[in-house]
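Structural description and commentary
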Amino acid sequence: MTETASPTELATLVAAKLCHDFISPAGAIVSGLDLLNDPSAQDMRDDAIGLIDQSARKMVALVGFARVAFGAATTSETFDGPELQALVAGMTEGGRAALDWRVEARAFAKPQARTLVNLAYLTAAALPSGGTAVIASRVEEGRLILEGVAEGARARLKPEAAEGLAGRPLSEGLQGQWIQPYWLWLTARDAGGTLSVATEEGRVVLTADLPL
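Residues numbered from 1 in each chain as written. Predicted model: local features only at pLDDT ≥ 70, side-chain atom pairs only at ≥ 80, totals over all residues. Heavy atoms only, no water.

Next up on the list: the pairing of strand 6 (residues 194-200). Examined bridge by bridge, strand 6 and strand 7 (residues 203-211) share 7 bridges and lie antiparallel to one another. By the bridge assignment, E200 is partnered in strand 7 with R203. (Pairing = 2+ DSSP bridges. Helix = DSSP H or I, 4+ residues; strand = E, 2+ residues; numbered from the N terminus.)

If you want it as structure tokens, here you go:
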């Protein structure tokens, strides 16, 4: 992997990540439908419907998030804070990290929105054993500061994530755990901003500094 991945490399890795994310709920929906269609499993009908419902909602959450985090989303040029909060909440629901959203209820341009949702998701992902992911925004000296603070007993970044967040090529490990952190770094850079990371025992801080 080169220092700056080519468009083809990026497209391939993002597509692979999305396929990986979608296959679990899609497979669960199919399993639920199989149960509904199995005459010998009619006593599990309620369980099957519950599985389909939960998995379909997860799929919708994934698609909604991916449209903003990786794509051009809708024709909208801006997104408001509560709208982005709902996207992130849908992705983190059921996880061990609690989401504490302290983002201003203001309009965010597409690059800002893309940075924010990826930063928020990766902040929560830094808490595999639980904790609180505080997501905040503020304006300082004409710049937009987006900050994610992950606090928990085992808050940490995987080596692949740390490399991606620093804009470095993947040295070893899983590309699927590298691409979204790298994508966040690339998004901030292409928007004319910077991304910084600070880690200490039980705490990870991701900060994006973007133009307004």
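Picking up after the structure, the text goes on.
A contiguous patch of positive charge, built from R96, R154, R156 and K158, is present on the exposed surface. By the secondary structure assignment, K158 is in the loop between strand 5 (143-151) and helix 5 (159-165). Judged by its relative accessible area of 35%, K158 falls in the partly exposed class. (Patch = residues over 30% accessible without salt bridge, like charges linked within 9 Å, V, L, I, M, F, W, Y side chains within 5 Å. Areas by Shrake-Rupley, 256 points an atom, 1.4 Å probe, with all protein chains shown as cover. Salt bridge = Lys/Arg side-chain N within 4 Å of Asp/Glu carboxyl O. Lys, Arg positive; Asp, Glu negative; His and termini not counted. Charge placed at Lys NZ, Arg CZ, Asp CG, Glu CD. Buried < 20%, exposed > 50% of the residue type's maximum accessible area, 1.4 Å probe, protein only.)

The next thing to look at is the packing of aromatic side chains. Here the structure, examined in full by the defined rule, presents 4 aromatic pairs. With a centroid separation of 4.5 Å and 20° between ring planes, the pair formed by W178 and Y182 is classed as stacked. Looking at Y182, the relative accessible area reads 0%, which means it is buried. The rings of W178, Y182 and W185 are connected pair by pair, giving a single aromatic cluster. Against the face of F108 rests R106, its NZ or CZ located 5.0 Å from the ring centre. (Phe/Tyr/Trp six-rings, centres within 6.5 Å; stacked < 30°, edge-to-face > 60°. Lys NZ or Arg CZ within 6 Å of the ring centre and 35° of its normal.)

Over its 25 residues, helix 2 (residues 45-69) extends 36 Å from the first C-alpha to the last, a length consistent with the 36 Å expected when each residue adds 1.5 Å. Buried residues of helix 2: A48, I52, S55, M59, A61, L62, G64, F65, A66, V68 and A69, and no others. Where helix 2 is buried, its residues touch helix 1 (7-36), strand 1 (78-80), helix 3 (81-92), helix 4 (110-125) and helix 6 (179-190). (Expected span 1.5 Å × (residues − 1). Contact = heavy atoms within 4.5 Å.)

Distances and angles like these do not, on their own, reveal function.
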